[in-house]
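Observations on chain architecture
This is what each chain is made of:
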Amino acid sequence: MAWPGLALLSGWVLGISLQLQQSALWSSEAYVVAMVAAGLCSGLALSLRRWAWSGVMLALVCGALLGVGVTGWRASQHADDVLAPRLEGVDISVTGRVASLPQRGADSVRFEWVVEAATYQGQAVRLPERLQLGWYTRGAAAGVPDWRAGDRWRLTVRLRRPHGNANPHGFDRERWLWESGIGATGYVRNGPRDAPPVFLGASGWHPVDVGRQSVSDGIRDRVSDARSAGVLAALVVGDQSAIERDDWELFRDTGVAHLMSISGLHVTMFAWLATALLGHGWRRLGRVWPRALLALPVPRVAAAGGVALAGAYALFSGWGVPAQRTVLMLAVVVALRQSARQWPWPTVWLLAMAVVLAWDPWALLQAGFWLSFVAVGILFASGSRAPLQVEHDANDVAPRWRRWMSSALKRLREQAIITVALAPLTLLLFGQMSLVGLLANLLAIPWVTLVVTPLALGGVLLPPLWDAAALAVQGLGALLMGMARWPWATVFSAMAPWPLALGGVLGGILLVQRLPWGVRAVGLVMLWPLWVWSPARPAAGEFEVLAIDVGQGSAVLVRTAGHNLLYDTGPRYGTDSDAGQRVVVPLLRALGVVPDTVVVSHRDSDHSGGSPAVREAWPKARWLSSFAAEGLGEPCVSGQRWVWDGVAFEMLHPGPEMYSSDGQGLRSSNAMSCVLRVSHAREAAWLSGDLDAEGETRLALARPDLRASLMLAPHHGSASSSSPVLLNTLRPTRVLVQTGYRNRFGHPAPVVLDRYRQRGIAWVASPQCGAALWRSEQPNVVHCHREHHRRYWNHPGDGVETNLEPTTDGDSGAGNLAQLPGD
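Scope of this entry: the structure provided in the associated data block. (Residues numbered from 1 in each chain as written. Predicted model: local features only at pLDDT ≥ 70, side-chain atom pairs only at ≥ 80, totals over all residues. Heavy atoms only, no water.)

Regarding the side chain of Arg 755
Test applied: Each helix is a run of DSSP H or I of at least 4 residues and each strand a run of E of at least 2, with the numbering of both proceeding from the N terminus. Accessibility here uses a 1.4 Å probe with only protein chains present; expressed as a share of the type maximum, an area under 20% marks a residue as buried, one over 50% as exposed, and anything in between as partly exposed. We score Asp and Glu as negative and Lys and Arg as positive, and we do not count His or the chain ends. The salt bridge definition used is simple: a Lys or Arg side-chain nitrogen within 4 Å of an Asp or Glu carboxyl oxygen. Whether two residues are in contact is decided by their heavy atoms: any pair within 4.5 Å suffices.
Position of Arg 755 among the secondary structure elements: in helix α24 (residues 750-758). For the buried Arg 755, no salt bridge exists, and the shortest N-O distance to an oppositely charged side chain is 6.5 Å, to Glu 696. When near neighbours in sequence (up to four residues on either side) are disregarded, Arg 755 contacts Ala 719, Ser 721, Ser 722, Ser 723, Pro 724 and Leu 727.

Here you go:
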């Protein structure tokens, strides 16, 4: 392919990347115009008799217009399949079918649902074609129905438009739902007053998912060890929810998580194994039937068969987005490699990327996309074997053991190349790197690929093989647990700005190239800034407050020039999930934050639910709480004071008289909330947990001199807090309201918002703002992560009023949406 072709493909990728940065979609007609312009541009390019650099640039522009137009038009069509706002939070009767493998949690079952018909108050209504539903066992009037893929039901559900937490470096759930084609999420009503689900029989649809569920149930019934059964279910049918949380953490810490789910690397390894076995078998067949080799050479049969079997494996494992991407990539690479023409590796690599993005443009934003393509590109550039390329020298008369040793050394070299080159990219994407990953993968890749996976797949036909596979998983788990205990087994690093990260990635790639060591040393120089970089912090004497978006709960990070305090740890979402593990710990690590002190205001689970995960991550932190008698640190008591970097921290509540002699609180959980005031010479911030109006009034009357520029809305804006006496005393100019989207408590209460409005207080709520950042040097500005990083698939977050009207000083607080820390 000549330079114009490469330019066209590069423009296509560039156009898609530009379209994905749009905060709002254009009209469908605008994208059609872009596609027409791309066609006219291509016609002009083809009319050129000689291709100079101007022609190459023209091809680049043509590709970019086509990428923007096609991706934008597809997005505009999908945007129409959305839940109407009037149907949020109401009971709707839906008839449809289970369209995925149900994922079972400790107290819930989740599945995708295809809508056939829906009614609201007896009238037919239009719903998005595909929903994500959950059945929660807590409070259910009856037992859990036997949810099976392909079955038809009539259900009563409550829905809402796709919405997720919005935090720096956090998981974009709304993009994931968009890419999965899910137009609404919700749950099945199962209370004593709700109509029970009505089973309507099997539909005959989704036969693959029916088979997957049958195999998954068979594994659970056969294997007594739940942890091993979960790993086997993930490897065979792609049921990643079956793997327990502790096991996921172990696999991540040792760098082998990619082997325990049907990821791109896993499908590639399966394809490689299938290719090797097919090649060996076809050569054996050639000894009996030589004409077969003449009709279909070994490389062609092995490569095509490997892709076909990888596709079948990906289909049975759920045909997830990473599996789709990998099969397409392998098919393109194999097709080009098997053609008569020798294609340069950049052409093969770029064409594979272009085809994958034509199938799924939003894959460009996935970490797995970049890990897969960068890994393949590195292997190409370093002279390693291409995926599914079969090497066989008929004149090779070396002993078999020597050939196997040579092959093993090649795999060792490739694994070392990948580990070194992808280390900077791994830090960029995940903020952590496993130092034992190279050794762990050298042991785990052949063990999982050649032992565990074949036994697990063989168990589909011969179930006793699952017992052997479970023993193999247990042995691997014991080995990985030993490695995870090694000092510095896992390194965490703050997320660097993209220019430094890009330089580090290029440096890692340069290190593994077949170049003189003097040239490779430049790669170390490019890596150095990535290792030594640290995020900016407040100046001495200043502080900042980051209200983390954790849903219906509270978690606030306070940073000074050299210290960090975490106030509350977020809610517990379920028996096996909490905000500490899912949101708070990953965010703090991404920001390079190590908490010096953690304050848990009171025992309610929406404030203390994430404490176990936070405590496990930073066991040396000082802990203060109002229920220390239950084993959580020291008691918080009024009068406690300390100063960090010129910033004063003062505990104002509860008083010592509110504790019994054995340290137990004498009042309700909310009334025992730890109230913390953070201040310097000019500004102050007020954090008071769920303190009720009586406690607020008593505290305000006792300390009428207290002031606070920023206030965290007490009790999430409940009508039982934010009393007039407290507001008149503190006189805040900004309020941060931490609530969940469409929460069942109605927070923030209208009466509380009226109080804010009457006093000219500006407020933001987390459903609209996401993570909210306030800085003491800019007291009239609140930085909203959701607004600053909005993309067209993000939910607008409406449903709760947000007031950013000018206060008496004339500053709106909304005009400056600068970067949050680490963005």
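Side note on the environment of Val 70
By secondary structure assignment, the location of Val 70 is in helix α3 (residues 53-79). In this structure the C-alpha to C-alpha distance between Val 70 and Ile 16, which are 54 residues apart in sequence, comes to 8.4 Å. Leave out the neighbours within four places in its chain, and Val 70 touches Trp 12 and Met 35.

Some points on the sheet that holds strand β26 (residues 772-775)
What counts, and what does not: Here a strand pair is declared whenever DSSP counts at least two bridges between the two strands.
Pairing is mixed across the open sheet formed by eight strands, whose spatial order is β18-β17-β16-β13-β12-β11-β26-β27. Sheet topology places β18 (634-635) and β27 (778-784) at the edges, where each strand pairs with a single neighbour. Here β26 runs beside β27; their pairing, made up of four bridges, is antiparallel. Paired with Trp 774 across the strands is Val 782, a residue of β27.

So, the pairing of strand β7 (residues 184-188)
Within β7, four of the five residues are buried, which leaves it mostly tucked inside the rest of the structure. In this structure, strand β5 (residues 130-136) lies alongside β7, joined through four bridges in parallel fashion. Paired with Gly 134 across the strands is Tyr 187, a residue of β7. Across four bridges, the pairing between strand β6 (residues 151-160) and β7 is antiparallel. Bridge pairing in β7 links Leu 159 to Gly 186.

Considerations on helix α12 (residues 345-359)
Quick reminder of the rule: For a helix, the expected span equals 1.5 Å multiplied by the number of residues minus one.
With 15 residues, α12 should reach 21 Å at 1.5 Å per residue; the first-to-last C-alpha distance of 21 Å fits that figure. Taken as a whole, α12 has its buried residues at Thr 347, Val 348, Leu 350, Ala 352, Met 353, Ala 354, Val 356 and Leu 357.

Structural notes on the packing of helix α1 (residues 3-19) against α12
For the record, the criterion: Angles here are taken between N-to-C directions and fall from 0 to 180 degrees, while the axes themselves are lines fitted to C-alpha atoms, restricted in helices to the stretch in contact. An angle counts as roughly parallel when it lies under 35 degrees, as roughly antiparallel when it exceeds 145, as roughly perpendicular when it falls between 65 and 115, and as oblique in every other case. Left-handed describes a crossing whose near helix is turned anticlockwise from the far helix by less than a right angle; the clockwise case is right-handed. By the convention adopted, Pro, Cys, Tyr, Trp, Phe, Met, Ile, Leu, Val and Ala count as nonpolar, Lys, Arg, Asp and Glu as charged, and the other residues, Gly among them, as polar.
α12 packs onto α1 with a crossing angle of 40° between their chain directions and a minimal axis gap of 10 Å. Taken together, the axes of α1 and α12 lie oblique to each other. α1 and α12 meet at a crossing whose hand is left-handed. Contacts from Leu 6, Leu 9, Ser 10, Trp 12, Val 13 and Ile 16 of α1 reach α12 at Thr 347, Leu 350, Leu 351, Met 353, Ala 354, Leu 357 and Ala 358. The class makeup of the residues in the contact of α1 with α12 is 11 nonpolar, two polar and no charged.

Description of unusual backbone geometry
Put simply, His 653 and Pro 654 share a cis peptide bond, and its omega is 0°. Structurally, the position occupied by Pro 654 is in the loop between β20 (647-653) and β21 (675-679). The omega torsion across His 747 and Pro 748 is -5°, close enough to zero to call that bond cis. Along the chain, Pro 748 turns up in the loop between β24 (734-737) and α24. For Arg 742, which is not glycine, the phi dihedral falls at a positive 50°. Mapped onto the elements, Arg 742 comes out in the loop between β24 and α24.

Topic: a nonpolar patch on the surface
Selection criterion: In this scheme, patches are assembled from residues that exceed 30% relative accessible area and form no salt bridge. Like charges are connected within 9 Å, while nonpolar side chains (Val, Leu, Ile, Met, Phe, Trp, Tyr) are connected within 5 Å. Per-residue accessibility takes into account occlusion by the displayed protein chains alone, with areas from the Shrake-Rupley method and a 1.4 Å probe.
Where nonpolar side chains cluster on the molecular surface, the patch consists of Met 405, Leu 409, Leu 412, Leu 439, Leu 442, Leu 443, Leu 479 and Trp 486 and spans about 690 Å² of accessible area. Only α14 (400-430) and α15 (437-458) provide two or more residues apiece to the nonpolar patch. Here Leu 442 lies in helix α15.

Remember, this is a structural readout, not a statement about activity or role.
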